[in-house]
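A closer look at the structure
Here is what each chain is made of, one letter per residue.
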Amino acid sequence: MRVEAFSSGCPGRENEDFSAWDDQMAVLLDGAGMPSTMNPPCVHGVAWFVRTLGTALRAQASRGSSLRDALASAIEQTAETHRDTCAVDDPLSPSATLAVLRARGDVVEWLVLGDCTLVLERGHIVEAISDDRLAYVAQGERSAMAAAVPGSAERLQLHAQLVRAERALRNHPGGYWVAAAEPQAAEEALHGSCSRRDVTRAALMTDGAARFVTPFALADWEGCLDILEEQGPERLVERVRDAERGDASLERWPRSKQHDDATALYIRP
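Scope of this entry: the structure provided in the associated data block. Given the structure is predicted, the values throughout are model-derived calculations rather than measurements.

This brings us to the overall build of the protein chain. Per the secondary structure count, the protein chain includes seven helices and ten strands. Relative to its length of 269 residues, the protein chain is compact, with a C-alpha radius of gyration of 18 Å against a globular reference of 18 Å. The proportion of buried residues among the 269 residues of the protein chain is 51%. Residue pairs in contact within the protein chain that sit at least 24 positions apart in sequence constitute 69% of those at least 6 positions apart. Approximately 12100 Å² of the protein chain is accessible, and the part contributed by carbon and sulfur atoms is 48%.

Along the chain, Thr263 falls in strand S10 (residues 262-268). Judged by relative accessible area, which is 1%, Thr263 ranks as buried. Sequence spacing of Thr263 and Ala248 is 15 residues, and the spatial spacing of their C-alpha atoms is 21 Å. Every residue in contact with Thr263, bar those within four places of it in the chain, is listed here: Phe6, Ser7, Asp17, Ser19, Leu28, Leu204, Met205, Thr206 and Ala209. A distance of 2.7 Å separates polar atoms of two side chains, one belonging to Thr263 and the other to Asp17.

Before going further, it helps to spend a moment on the nonpolar core. Generally speaking, soluble globular proteins have nonpolar side chains that are buried together. Counting 29 residues, the largest nonpolar core has Leu29, Leu53, Leu57, Leu71, Leu98 and Leu113 as its most contacted members. Setting aside chain neighbours within four positions, we find Leu53 in contact with Leu29, Ala74, Ile75, Thr78, Ala96 and Ala179. In terms of nonpolar packing, the next biggest core, distinct from the first, is built from 21 residues, Met205, Val213, Phe216 and Trp253 among them.

Across the interface, helix H3 (residues 139-147) lies against helix H4 (residues 153-167) with an axial gap of 9 Å and an inter-helix angle of 165°. Taken together, H3 and H4 sit at an angle that is classed as roughly antiparallel. In the packing of H3 onto H4, the handedness of the crossing is left-handed. Where H3 approaches H4, its residues Glu141, Arg142, Ala144, Met145 and Ala146 are matched on the opposing element by Arg155, Leu158, His159, Gln161, Leu162, Ala165 and Glu166. Residue composition of the contact of H3 with H4, by class: six nonpolar, two polar and four charged.

It is worth spelling out the side chain of Asp260 at this point. Relative to the helices and strands, Asp260 is located in the loop between helix H7 (233-246) and S10. When residues no more than four places from it in sequence are discounted, the contact partners of Asp260 are Ser8, Cys10, Asp207, Gly208, Arg211, Arg241 and Glu244.

Next up on the list: helix H1 (residues 46-62). With 17 residues, H1 should reach 24 Å at 1.5 Å per residue; the first-to-last C-alpha distance of 24 Å fits that figure. Of the positions making up H1, those classed as buried are Val46, Ala47, Trp48, Phe49, Val50, Leu53, Gly54, Ala56, Leu57, Gln60 and Ala61. Buried residues along H1 sit in contact with strand S2 (17-21), strand S3 (25-32), helix H2 (67-82) and strand S4 (95-104).

Following the criterion strictly, the structure yields one aromatic pair and no others. Arranged with centres 4.4 Å apart and planes meeting at 40°, the rings of Phe216 and Trp253 form a pair that is tilted. Of this pair, Phe216 sits in the loop between helix H5 (207-210) and helix H6 (221-230) while Trp253 sits in the loop between H7 and S10, and the two are 37 residues apart along the sequence. What makes Phe216 buried here is its relative accessible area of 2%. By relative accessible area, which is 9% here, Trp253 ends up buried.

The next point concerns the side chain of Arg167. Structurally, the position occupied by Arg167 is in helix H4. Buried Arg167, no salt bridge; nearest opposite-charge side chain is Glu166, N-O distance 5.6 Å. Residues contacting Arg167, with those up to four places away along its chain left out, are Ala32, Gly33, Pro91, Leu92, Ser93 and Tyr176.

Further remarks concern the pattern of salt bridges. Inspection of every chain in the model, using the stated rule, returns 21 salt bridges. Across the pair Arg83 and Glu80 runs a salt bridge whose closest N-O atoms are separated by 2.9 Å. Two residues, Arg133 and Glu188, come together in a salt bridge whose shortest N-O distance is 3.1 Å. With Arg133 in the loop between strand S7 (125-129) and H3 and Glu188 in the loop between H4 and strand S8 (190-195), the pair connects residues that are 55 residues apart, well separated along the chain. Through salt bridges with shared partners, a single ionic network connects Glu121, Arg201, Asp226, Glu229 and Arg268.

Cut-off values and rules
Residues numbered from 1 in each chain as written. Predicted model: local features only at pLDDT ≥ 70, side-chain atom pairs only at ≥ 80, totals over all residues. Heavy atoms only, no water. Helix = DSSP H or I, 4+ residues; strand = E, 2+ residues; numbered from the N terminus. Rg over C-alpha atoms; globule rule 2.2 N^0.38 Å. Buried < 20%, exposed > 50% of the residue type's maximum accessible area, 1.4 Å probe, protein only. Contact = heavy atoms within 4.5 Å. Areas by Shrake-Rupley, 256 points an atom, 1.4 Å probe, with all protein chains shown as cover. Polar contact = N/O pair within 3.5 Å; in protein donor to acceptor, adjacent residues only side chain to side chain. Core = buried A, V, L, I, M, F, W, Y, C linked by side-chain atoms within 4.5 Å. Axes fitted to C-alpha atoms, helices over the stretch in contact; angles between N-to-C directions. Parallel < 35°, antiparallel > 145°, perpendicular 65-115°, else oblique. Left-handed = near helix turned anticlockwise from the far one by under 90°. Nonpolar A, V, L, I, M, F, W, Y, C, P; charged D, E, K, R; others polar. Expected span 1.5 Å × (residues − 1). Phe/Tyr/Trp six-rings, centres within 6.5 Å; stacked < 30°, edge-to-face > 60°. Lys, Arg positive; Asp, Glu negative; His and termini not counted. Salt bridge = Lys/Arg side-chain N within 4 Å of Asp/Glu carboxyl O.

What follows is the structure, encoded as structure tokens:
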């Protein structure tokens, strides 16, 4: 596989995305941060978590096991790495959404957990694959936050309440699933495979980069692939940042925060 990538963290904050690739596989993780507390459940932080989990996932997947099995093993291995020092089962502990694309012989396999997006072009058909279950939980808290004035103390407080309400449903039936400390989450991942010769182009994107299409609607998914191919991932992320700065009030495109970590990988299998 040929991969071109670019990653941009939120201004003034550490980038909590992770990506890695070789000629057979591309891996992308988007870390979920911990609310500011006096006693955070993990002493290592989100960037450490996604780097550790992503490295383990890539290693496990390189051994040829199914992507679901590779993810389950990586989650378990990462949890055991810091279980003695951190409350890994705390709902506010670090977690990650992720997407993986692997080419083996004549087959392309993929796996998506959470709101990372895989964009897959097969012939003249472009499909975007993402797990949006998080968007359907804690609707009351989400609506209350959206009604508050952007940047206000009230909105910050309501956002913290939304995060806590969401995390209470993390990795539970009827809630949503991400990579944290529960290997069972791997069984909830979206996954599939297809003939390698059918795939013409692909991309892996965190939700911060996927804003380019939804909600910003600067192009459709096919147009997104065109920009990645013709202008590169860095330019796509720059256009996302331009749109974010142009909507500092969050009114044109309602969202929980002005900026988000944004990573895009453009792939030719």
